[in-house]
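Each chain is listed here by its residues.
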Amino acid sequence: MVVRLRLQRFGRKNRPFYRIVVADARAPRDGRHIERIGTYDPWPGKDGIKEVRIKSDRVKYWMQCGAQPTSRVAWLLGKAQIL
């Protein structure tokens, strides 16, 4: 079973909100997941900052277990200085 760290899309039309999840690679994008490890809001708040919340200990655990991040999640983890 290939496990991936990827984004699940939530929110409404033209106003997305994403959860960073651990999921089986065969599961649909917004389908079943194993664990929720963070969130990402691409719309900047009043202070102009895009919000990213990540449980770094759980990310490190899943990476040690062999989970592979998607390109966008790898970019977010790099920005958060976890990778």
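Reading guide: rules and limits
- Residues numbered from 1 in each chain as written.
- Predicted model: local features only at pLDDT ≥ 70, side-chain atom pairs only at ≥ 80, totals over all residues.
- Heavy atoms only, no water.
- Buried < 20%, exposed > 50% of the residue type's maximum accessible area, 1.4 Å probe, protein only.
- Helix = DSSP H or I, 4+ residues; strand = E, 2+ residues; numbered from the N terminus.
- Arc of directions from axis to C-beta.
- Contact = heavy atoms within 4.5 Å.
- Phe/Tyr/Trp six-rings, centres within 6.5 Å; stacked < 30°, edge-to-face > 60°.
- Lys NZ or Arg CZ within 6 Å of the ring centre and 35° of its normal.

A. Looking closely at helix H2 (residues 71-79). For H2, every residue scored as buried is listed here: Val-73, Leu-76 and Leu-77. Down the axis of H2, the sector holding all buried residues measures 100°, keeping them to one side. Counted as exposed and oriented over 90 degrees from the buried face of H2: Ser-71 and Lys-79. Contacts made by the buried residues of H2 are with strand E1 (3-12), strand E2 (15-24), strand E3 (35-41), strand E4 (51-54), helix H1 (56-64) and strand E5 (68-69). Of the residues trailing H2, Gln-81 is marked for its positive phi of about 60°.

B. Broad picture of the packing of aromatic side chains. With the rule as written, the count across this model stands at two aromatic pairs. With centroids separated by 6.2 Å and ring planes inclined at 20°, the aromatic side chains of Tyr-18 and Tyr-40 adopt a geometry described as stacked. One end of the pair, Tyr-18, is in strand E2; the other, Tyr-40, is in strand E3, with 22 residues separating them in the sequence. A single burial state applies to Tyr-18 and to Tyr-40, both of which are buried. Here Tyr-61 and Trp-62 contribute two aromatic rings whose centre-to-centre distance is 5.4 Å and whose plane-to-plane angle is 75°, an arrangement assigned as edge-to-face. The ring of Phe-10 carries Arg-19 above its face, with NZ or CZ at 4.2 Å from the centroid. Positioned above the aromatic ring of Trp-75, the side-chain terminus of Arg-72 is 4.5 Å from the ring centre.

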